[in-house]
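Working through the structure, step by step
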There are 2 protein chains.
Amino acid sequence: MMKKGPLTIKDIAKDLNISPSTVSRALKDNPDISPETRKLVQEYAKKYKYKPNALALGLRTQHTNIIGVIVPELANHFFSGVLSGMETIAEEKDYHVIVCQSSEDYQKEIRNVQTLIKARVCGVLISQSKTTTIYDHYQELLDNDIPVIFFDRICTGIDTDKVVVDDYSGTFTAVEYMIRTGCKRIAFFSAPLHLEISKNRKNGYLDALRKYQIPIDESLMRIADTKPLGYDKAMKILQEPHRPDAFMAMNDYTASGILLATKRLKLRVPEDISICGFSNSNISQDTDPMLTTMDQHPKTVGEEAMRLMLEKIENPDNVSRKNRIIKTSLIVRETTKPLLNDFIS
Amino acid sequence: MMKKGPLTIKDIAKDLNISPSTVSRALKDNPDISPETRKLVQEYAKKYKYKPNALALGLRTQHTNIIGVIVPELANHFFSGVLSGMETIAEEKDYHVIVCQSSEDYQKEIRNVQTLIKARVCGVLISQSKTTTIYDHYQELLDNDIPVIFFDRICTGIDTDKVVVDDYSGTFTAVEYMIRTGCKRIAFFSAPLHLEISKNRKNGYLDALRKYQIPIDESLMRIADTKPLGYDKAMKILQEPHRPDAFMAMNDYTASGILLATKRLKLRVPEDISICGFSNSNISQDTDPMLTTMDQHPKTVGEEAMRLMLEKIENPDNVSRKNRIIKTSLIVRETTKPLLNDFIS
């Protein structure tokens, strides 16, 4: 107890050598936590005069019907689709949505959380920024009884409800489809691999290759999740001696960069190179040829996440955890070849 | 004074047969209003016990550093660029931005305003929805001393600072450019004409035609401001006997729809048909051929609007009005022809 300033949940967790989320739940007398641990935490908190964040609590005395959403970027077809799904469900019950963007910046995401607390939101839906690896600001929301739901880019380090896209199956389906059109060297361009979404996509990619006994080649896996990165890395890999004949891209932006590179190199799409995007964003129909891609059903993701949030707000004592997985759909357009006869069922 | 409920600024305006904004300013003793009118309004307000909106005032007793932004749609390159400009300037002075989208819906825009008041914002930046023709909700913000700045789609009915894109000159420049490449029948696809932005664009279009003595043909002017509308209306007009040889589009989405129609009709772009978009959005580099377009410098629009907002917040007694006009730049890509020799200087 050498620390200056008020005692936090994190301090208690450290002092007692248990997780902050256990402390938080023990303080709320959550039955998931053993009676011994609850007693231990509650007595410790009492002894050292633990007080929940006063600022946030003070602000929350006036209840609002405002729900905050934090997205990595607003100029993204997927997130704007998610938001419109969220708004539809919220407005049915007279809740209103305000949005902050983290711009993929951990520090800004912390400020987003503080801003939403000040704006007295009654819940926060979050898709994690790529650079966030510490979760205290999420925990602060929970500590102040502001429910949190993660969507798409979820945080496994925080115990709360989550809605994810079925990235594993989506990628498996897309890669399997390209294999069935005759592709044999499929490159995999993904976001950084510390993100759950990237791990799941990579597993889908690897399992599809394994199913068809296609050798796994680490040199075909690159970190590229924007149009310029897609372009640059495709330019390089396509000029290597044993070039890929297909690309599984992180999103349609990356796919459009790969497409541009193939055109500059006078390679034919899809005859020489197949490309599959992810998102079914509006650019996927503006490229020529139009992109084959996976529809992630962003409206459904947003609707489900908001439904979970409203349940939480309306039944704050229900401590069960829910995970929803939203299925994806393959949208075949012009950047992939027709199925080989062997595979047409 | 037959009305139930508290007396509003609007009631006073009606009773005295003057504008709500005059009443509002008279109540604040603004020197722009004549001493006689100020006295009249103030005595009337006193006599009938006028009180500024109590809810909003109550909420505003705790000052925040949150600034609200209302945009018609988030999934739009221009608005997301504007937002990033606003955030940059706001964060320099430790203000934070929360965003609502009106989805081009007047009723939703009203709810956005109420939500932002509840979230205790200290200012609101607005780009008006296409369906908004009544302005009481804007006036309510001003009546509660929450400064309002309009950007891009401004409201001329409300007396406050504004930041606009130079739509007139932008359109004039683009149309003039296509004339100088040899185009003679230039179609004009715009948003609904009650919007200031459309009026200014149309004037730019007409003045460019007049400068080069090109006859004005009403049949070439259509309301089309989305990709599907651009596609449908281009499909029709391109199959009429005396078809256009160029299109000036409201935005890049519309331009991409026009481009798709020309391709389906096997017309060559730019040899047979020239197309100019507006916005320099990311899709303008995903189409093939890539779009010639006008860059609206969205970041600059956002930065300027936020600078005006911070000035207003920090100097609430400064009642001077500011209008900023942000210049556009022509970005020549592949959907327009080269300049004719006569016009190369």
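How each quantity is defined
- Once a new chain begins, its residue numbering starts again from 1 and follows that chain's sequence as written.
- By the order in which they are written, chains take letters starting at A while ligands take numbers starting at 1.
- Since the coordinates come from a predicted model, pLDDT governs what is reported: local features require at least 70, and pairs of side-chain atoms require 80 or more to be given and counted, while whole-chain, interface and lining totals use all residues.
- Boundaries between domains were set according to an automatic or database domain assignment.
- Note on definitions: angles span 0 to 180 degrees between N-to-C directions of axes, and those axes are lines fitted to C-alpha atoms, for helices only across the stretch in contact.
- Note on conventions: DSSP H or I runs of at least 4 residues are helices, E runs of at least 2 residues are strands, and numbering of each starts at the N terminus.
- Any angle that falls under 35 degrees is termed roughly parallel, while one over 145 is termed roughly antiparallel, one within 65 to 115 roughly perpendicular, and all others oblique.
- Here a crossing is called left-handed whenever its near helix is offset anticlockwise from the far helix by less than a right angle, and right-handed whenever the offset is clockwise.
- Contacts are defined on C-beta atoms placed from the backbone: any two residues whose C-beta positions lie within 7 Å are in contact.
- Basically, the charged four are Asp, Glu, Lys and Arg, the nonpolar ten are Ala, Val, Leu, Ile, Met, Phe, Trp, Tyr, Cys and Pro, and anything else, Gly included, counts as polar.
- Take the number of residues in a helix, subtract one, and multiply by 1.5 Å to get its expected span.
- To sort residues by exposure, count the other C-beta atoms lying within 10 Å of each residue's C-beta; 20 or more gives buried, 12 or fewer gives exposed, and values between give partly exposed, all with C-beta atoms placed from the backbone.
- Whether two strands pair comes down to DSSP finding at least two bridges between them.
- The copies were overlaid by least squares, fitting only the C-alpha atoms of residues that reach a pLDDT of 70 or more in each copy.

**Re the domain arrangement of chain A**
- Each assigned domain of chain A is listed here: domain 1 (9–51), domain 2 (55–165 + 298–324) and domain 3 (167–296 + 330–343).
- Computed from C-alpha atoms alone, the centre-to-centre distance between domain 1 of chain A and domain 3 of chain A is 48 Å.

**Describing the packing of helix 6 (residues 106–118) of chain B against helix 7 (residues 136–143) of chain B**
Residue and element names in this part refer to chain B.
- With their axes 9 Å apart at the nearest point, helix 6 and helix 7 run at an angle of 15° to one another. Comparing their axes, helix 7 and helix 6 come out roughly parallel. Helix 7 is crossed by helix 6, and the crossing has left-handed handedness. For the pair helix 6 and helix 7, the contacting residues are E109, I110 and V113 in the first and H137, E140 and L141 in the second.
- Grouping the constituent residues of the contact of helix 6 with helix 7 by class yields 3 nonpolar, 1 polar and 2 charged.

**Remarks on helix 12 (residues 298–314) of chain A**
Residue and element names in this part refer to chain A.
- For helix 12, spanning 17 residues, the distance from its first C-alpha to its last is 24 Å, which sits close to the expected 24 Å at 1.5 Å a residue.
- Inspection of helix 12 places P298, V301, G302, E303, E304, A305, M306, R307, L308, M309 and K312 among the buried residues, and these make up the whole buried set.
- Here the buried face of helix 12 lies against strand 1 (66–71), helix 5 (77–92), strand 3 (124–126), strand 4 (148–151), strand 5 (161–165) and strand 11 (323–326).

**Structural notes on the sheet that holds strand 7 (residues 221–223) of chain B**
Residue and element names in this part refer to chain B.
- One open sheet holds the 4 strands; their spatial order is 7-6-8-9, and the pairing between them is parallel. Sheet topology places strand 7 and strand 9 (274–276) at the edges, where each strand pairs with a single neighbour. Neighbour-to-neighbour, the strand axes of the sheet open up by a mean angle of 20°, direction not taken into account.
- Sheet topology note: the strand 8 (residues 246–248)/strand 9 ladder contains 3 bridges and is parallel. Its bridge partner lying in strand 9, M248 is registered against C276.
- Most of the contacts of helix 8 (residues 167–180) go to strand 8, to which it runs at about 175°, and overall it touches strand 6 (186–190), strand 8 and strand 9.

**Topic: unusual backbone geometry**
- Here the residue pair D288 of chain A and P289 of chain A is connected by a cis peptide bond, since its omega of 0° sits within 30 degrees of zero.
- Mapped onto the elements, P289 of chain A comes out in the loop between strand 9 (274–276) and strand 10 (293–295).
- The phi dihedral of Q213 of chain A is positive, around 50°, even though this residue is not glycine.
- In this structure, Q213 of chain A sits in the loop between helix 9 (196–211) and strand 7 (221–223).
- Judged by the 6 C-beta atoms lying within 10 Å of it, Q213 of chain A is exposed.
- A positive phi angle is found at S279 of chain B, which is not glycine, with a value near 130°.
- Examined against the element boundaries, S279 of chain B turns out to sit in the loop between strand 9 and strand 10 (293–295).
- For S279 of chain B, a count of 27 C-beta atoms within 10 Å corresponds to the buried category.

**With respect to the relation of the copies chain A and chain B**
- Placing chain A over chain B gives an RMSD of 0.1 Å and needs a rotation angle of 180°, together with 0.0 Å of translation along the axis. These values place the two chain copies in the arrangement generated by a two-fold rotation axis. Relative to the rotation axis, the closest C-alpha in chain A is found at A119 of chain A, a distance of 2.2 Å.

**Topic: helix 5 of chain A**
All names here are of chain A.
- In this model helix 5 runs 23 Å from its N-terminal to its C-terminal C-alpha over 16 residues, within 8% of the 22 Å that 1.5 Å per residue would give.
- The set of residues buried in helix 5 consists of F78, F79, S80, G81, V82, L83, G85, M86, E87, I89 and A90.
- Taken together, the buried residues of helix 5 touch strand 1, strand 2 (96–101), strand 3, strand 4 and helix 12.
- Immediately beyond the C-terminal end of helix 5, within one or two residues, lies D94, with a positive phi of roughly 60°.

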